[in-house]
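# Summary of the model geometry
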Amino acid sequence: MKEKMLKKFEELYGAGGDIRFYFAPGRVNLIGEHTDYNGGHVFPCALTLGTYAVVRKREDDVLRFYSMNFENRDVVKSSLKDLVFQRAAGWTNYPKGVLWAFTSKGHPIDKGLDILVYGNIPNGSGLSSSASVEIVIGVMLKDMFGFDVSMTDIALLGQYAENNYNGVNCGIMDQFSIAMGKKDHAIFLDTSDLSYEYAPIVLAGKKIIITSSNKKRGLGDSKYNERRKECETALVQLQTVLEISSLGELTEEAFENAKEVIKSPICVRRARHAVYENQRTIRAVQALKDHDLNLFGQLMNESHKSLRDDYEVTGIELDTLVEAAWEQEGVVGSRMTGAGFGGCTVSIVEESAAERFIAEVGRKYKSKIGYEADFYVVDIGDGARKLA
């Protein structure tokens, strides 16, 4: 891939100069869904799928962008004077947003760039292709311009760009896990204060299989903001009897003892998911430390049921995939991952059963939904970095 990208780069922009290569992974969240904006824990890991970038500094202020994922489109030209969101700029709003964020936060960029990217993360899959682009650009800027920023800083700058340039009110999980990923480990992240620890994922003859429903979704039409508002409403009402600043501070028992003050039954269910899912995530990480992968799988299954019944963000596509997975031999656990209403599921499957899992789940999905799902047998990789 590197040679192919270099050839295309030189074809578009010419040879010579200091050409550098970078990579940022995609991510999958193993458990801990819709907890990040509720002050809870998440448990994502970086993948070996991701975004590659080939970059060369220019002597003027011109910016040129090209994606090998959109080969029928031309080079997109811009400049450092034009770091303003424009819908017509399409995918280039993500790298431009990071350039804008660095500049806004006191890291001035004084030279233009020729940039070529290629990603092997499925579009619209919920594996964070946009955050992957943001972080690969952040790592590139740190390296090429010598900025004194940490990987956590790069994650926060990526989130700042997505929130304030692209207008998506995401939490920190995606950018953090992509920047901070570690091979064969997931990140146990407390979103309330960004404290974290790496937890080894020892699969011992098992594989992580991500299944894309191929139903495209956007956070706006997935009722994401509606769920946030319902949780905020529940929190405000709980605060009349409890001294808490987030739902993530509650145990299941504390929630059950106080839930009567929440006036809406819907808000009770939303808050119950946030509280129970956070505690599930804490227990799941402990299960891994105890080498109890079966318990981890049970908690994945419980997570999906809660997202289906209490949070109502799964939908027929994700439910079909997960229920088909639960019926297969050799499946340790399976759940939806990401915001929901489309996107992906994540399953842990015995390696010897993986081929049959893909065939059977794929067959049942197409039979019920009418189109095919895509399957990715993935490995857990390191975070964003410069490539040699």
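Data block above holds the structure.
The rules we used
Each chain carries its own residue numbering, running from 1 in the direction its sequence is written. Totals for whole chains, interfaces and linings use all residues, but because this is a predicted model, local features are given only for residues with pLDDT of at least 70 and pairs of side-chain atoms are given and counted only at 80 or more. Hydrogens and water molecules were not included; the side-chain quantities draw on all heavy atoms of the structure. Between buried and exposed lies partly exposed: a residue is buried under 20% and exposed over 50% of the maximum accessible area for its type, with that area taken using a 1.4 Å probe on protein chains only. Put simply, DSSP H or I for four residues or longer makes a helix, DSSP E for two residues or longer makes a strand, and each gets a number counted from the N terminus. Two strands are counted as paired when DSSP detects at least two bridges linking them. Aromatic pairs are defined between Phe, Tyr and Trp rings, using the six-membered ring for Trp, whenever the two ring centres lie within 6.5 Å; interplanar angles under 30 degrees are classed as stacked, those over 60 as edge-to-face, and all others as tilted. Criterion for a charge above a ring: Arg CZ or Lys NZ at most 6 Å from the ring centre, at most 35 degrees from the ring normal. In this scheme, a helix's expected span is set at 1.5 Å multiplied by one less than its residue total. Throughout, a residue-residue contact means that at least one pair of heavy atoms, one from each residue, lies within 4.5 Å. Helix axes are fitted to C-alpha atoms over the stretch in contact, other axes to C-alpha atoms as well, and angles between N-to-C directions run from 0 to 180 degrees. Throughout this description, the term nonpolar core refers to a set of buried Ala, Val, Leu, Ile, Met, Phe, Trp, Tyr and Cys residues connected via side-chain atoms within 4.5 Å. Between N or O atoms, a polar contact is any pair within 3.5 Å; within protein, one atom must be a potential hydrogen donor and the other a potential acceptor, and residues adjacent in sequence are included only when both atoms are from side chains.

## Overview of the pairing of strand β10 (residues 331–337)
Successive side chains on a regular strand alternate, one facing one side of the sheet and the next facing the other. Burial within β10 is extensive, with seven of its seven residues counted as buried. As paired strands, β10 and strand β11 (residues 344–350) are joined by six bridges and run antiparallel to one another. Looking at the pairing, T337 lines up with C344 of β11.

## Description of the packing of aromatic side chains
For the structure shown, the criterion picks out 14 aromatic pairs. Judged by centre distance (4.9 Å) and plane angle (75 degrees), the ring pair of F9 and Y13 falls under edge-to-face. Of this pair, F9 and Y13 both sit in helix α1 (residues 2–13), separated by four residues, roughly a single helical turn. We note that F9, like Y13, is buried. The ring of F145 has K57 lying over it, and the distance from NZ or CZ to the ring centre is 4.4 Å. Here K105 stacks its cationic end above the ring of Y160, 4.2 Å away from the centre of that ring.

## Considerations on unusual backbone geometry
Even without glycine at this site, S128 takes up a positive phi of about 70 degrees. Within the element layout of this structure, S128 appears in the loop between β6 (113–119) and α3 (129–145). Accessibility expressed as a relative area gives 8% for S128, which makes it buried. With a phi close to 45 degrees, A204 is a non-glycine residue in the positive phi region. Its place among the elements puts A204 in the loop between β8 (195–200) and β9 (206–212). On the basis of relative accessibility, which here comes to 63%, the residue A204 falls in the exposed class.

## Observations concerning helix α4 (residues 151–164)
With 14 residues, α4 extends 20 Å between its outermost C-alpha atoms, agreeing within 8% with the 20 Å of an ideal straight helix rising 1.5 Å per residue. Inspection of α4 places I154, A155, L157, G158, Q159, A161 and E162 among the buried residues, and these make up the whole buried set. Here the buried face of α4 lies against α2 (93–104), α3 and α5 (173–180).

## Concerning the sheet that holds β11
The antiparallel open sheet is built from four strands, whose spatial order is β10-β11-β9-β12. What marks the edges here is a single partner per strand, and that holds for β10 and β12 (374–378). Taken pair by pair, the neighbouring strands of this sheet meet at an average axis angle of 20 degrees, ignoring direction.

## Details of the nonpolar core
The biggest cluster of nonpolar side chains holds 43 residues, and the ones touching the most others in it are F102, L113, M140 and L141. With 10 residues, α3 is the single largest residue contributor to this core. By size, the runner-up hydrophobic cluster in this structure holds 29 residues, among which are L30, A199, C344 and I348.

## Section: the environment of T337
Of note, T337 is situated in strand β10. Sequence separation between T337 and E134 is 203 residues; the distance between their C-alpha atoms is 21 Å. When near neighbours in sequence (up to four residues on either side) are disregarded, T337 contacts V28, N29, E33, C344, T345 and V346. A polar side-chain atom of T337 sits 2.8 Å from the main-chain carbonyl oxygen of N29.

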